[in-house]
Amino acid sequence: MTEEKEYPIHQVFDLSYKMLSNRYGFFYLHTNKGVVTLHIKESPAEFIKKFRTVERK
């Protein structure tokens, strides 16, 4: 869920990110409707780890 939109877990295929510095980066939400890019201020590694435990394959 973001401030603007909610993405049901069954629509999410993958998550990835790239930190561009220690202050910001991009979080990529791969969905069945395309890739959503979000700006982040810290690593989402723990969130992605949790996602991997519940993702559908």
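Below is a short write-up of the structure. As the structure is a prediction and not an experimental result, all values here were calculated from the model.

1. Overview of the layout of surface pockets
Move 1: By volume, the largest pocket is sized at about 300 Å³.
Move 2: Taken together, 16 residues form the lining of the largest pocket, with Met 1, Thr 2, Phe 27, Leu 29 and Phe 47 sitting closest to its centre.
Move 3: Going through the elements one at a time, β1 (12–19), β2 (25–31), β3 (34–40) and α1 (45–54) are the ones with two or more residues in the lining of the largest pocket.
Move 4: Per-element tally for the lining of the largest pocket: the top contributor is β3, with three residues.
Move 5: Broken down by class, the residue content of the lining of the largest pocket amounts to twelve nonpolar, two polar and two charged.

2. Things to note about the environment of Phe 27
Move 1: Within the fold, Phe 27 resides in strand β2.
Move 2: Take Phe 27: its relative accessible area is 8%, and that puts it in the buried class.
Move 3: For Phe 27, the contacting residues outside a window of four places in its chain are Leu 15, Ser 16, Tyr 17, Val 36, Thr 37, Leu 38, Ile 40, Pro 44, Phe 47 and Ile 48.

3. Looking at the pairing of β3
Move 1: Pairing between β2 and β3: seven bridges, direction antiparallel. Looking across to β3, one finds that Phe 27 is bridged to Leu 38.
Move 2: Where β2 folds back on β3, the antiparallel hairpin that results is connected by two residues.

Procedures and definitions
- Residues numbered from 1 in each chain as written.
- Predicted model: local features only at pLDDT ≥ 70, side-chain atom pairs only at ≥ 80, totals over all residues.
- Heavy atoms only, no water.
- 1 Å grid on protein atoms, 1.4 Å probe; cavity = no way out; pocket = protein on both sides within 12 Å on 5 of 7 lines; lining within 4 Å.
- Points joined across faces, edges and corners; volume = space filled by probe spheres on them.
- Helix = DSSP H or I, 4+ residues; strand = E, 2+ residues; numbered from the N terminus.
- Nonpolar A, V, L, I, M, F, W, Y, C, P; charged D, E, K, R; others polar.
- Buried < 20%, exposed > 50% of the residue type's maximum accessible area, 1.4 Å probe, protein only.
- Contact = heavy atoms within 4.5 Å.
- Pairing = 2+ DSSP bridges.

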